[in-house]
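Observations on chain architecture
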Amino acid sequence: MKWYGRVLKKYADFTGRARRKEYWTFVLINMFIAVLLVLIDITYQTMVLYYLYTIAIIIPSIAVCVRRLHDTGKSGVYILVSFIPLVGSIIMLILLATEGDHGSNKYGPDPKGSNF
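Here's a quick rundown of the structure.

About the criteria used
Residues numbered from 1 in each chain as written. Predicted model: local features only at pLDDT ≥ 70, side-chain atom pairs only at ≥ 80, totals over all residues. Heavy atoms only, no water. Helix = DSSP H or I, 4+ residues; strand = E, 2+ residues; numbered from the N terminus. Buried < 20%, exposed > 50% of the residue type's maximum accessible area, 1.4 Å probe, protein only. 1 Å grid on protein atoms, 1.4 Å probe; cavity = no way out; pocket = protein on both sides within 12 Å on 5 of 7 lines; lining within 4 Å. Points joined across faces, edges and corners; volume = space filled by probe spheres on them. Contact = heavy atoms within 4.5 Å.

Mapped onto the fold, V77 is located in the loop between helix 3 (48-71) and helix 4 (87-97). Judged by its relative accessible area of 56%, V77 falls in the exposed class. In the structure, V77 is positioned 31 residues away from T46 in sequence and 35 Å away in space, judged by C-alpha atoms.

Put into structure tokens, the structure is as follows:
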């Protein structure tokens, strides 16, 4: 939950870098919460909770994705690659799973704290 909370504290911060652990922990917890809300909404035959959560979490989701791309030395504009049919999702998965740059890059210091 520490990493999830860290992303929410940086709600609309598109600057800096996010390490893989921060991004993927956020994604995992986000998916768990979404599934839980869908199950609750199905019970009450509505999708209100899920949609409200999705709207509330869209900006921090994009922000952490941009910071993750920054960690690999890529511009946040690379997030638009995900709109390419079929291959865009695969390319984004590879970019988001790639190890970040060691040491500082033009987007900031290494979030792991090591400076090679």
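Let's shift gears to unusual backbone geometry. Despite not being glycine, Q45 has its phi angle at roughly 55°, a positive value. Along the polypeptide, Q45 turns up in the loop between helix 2 (20-43) and helix 3. Of the residues examined, Q45 reaches a relative accessible area of 75% and is grouped as exposed. If you check the backbone angles, L86 has positive phi at about 65° while not being a glycine. Looking at where L86 falls in the secondary structure, it is placed in the loop between helix 3 and helix 4. Take L86: its relative accessible area is 77%, and that puts it in the exposed class.

Another point: the layout of surface pockets. What the largest pocket holds in volume is close to 320 Å³. Taken together, 16 residues form the lining of the largest pocket, with Y23, F26, V27, N30 and S61 sitting closest to its centre. If you list the elements that add at least two residues to the lining of the largest pocket, you get helix 2 and helix 3.

All right, on to the side chain of D71 then. Mapped onto the elements, D71 comes out in helix 3. Setting aside its immediate chain neighbours within four residues, D71 contacts R17, A18, R19, G100, D101, N105 and P111.

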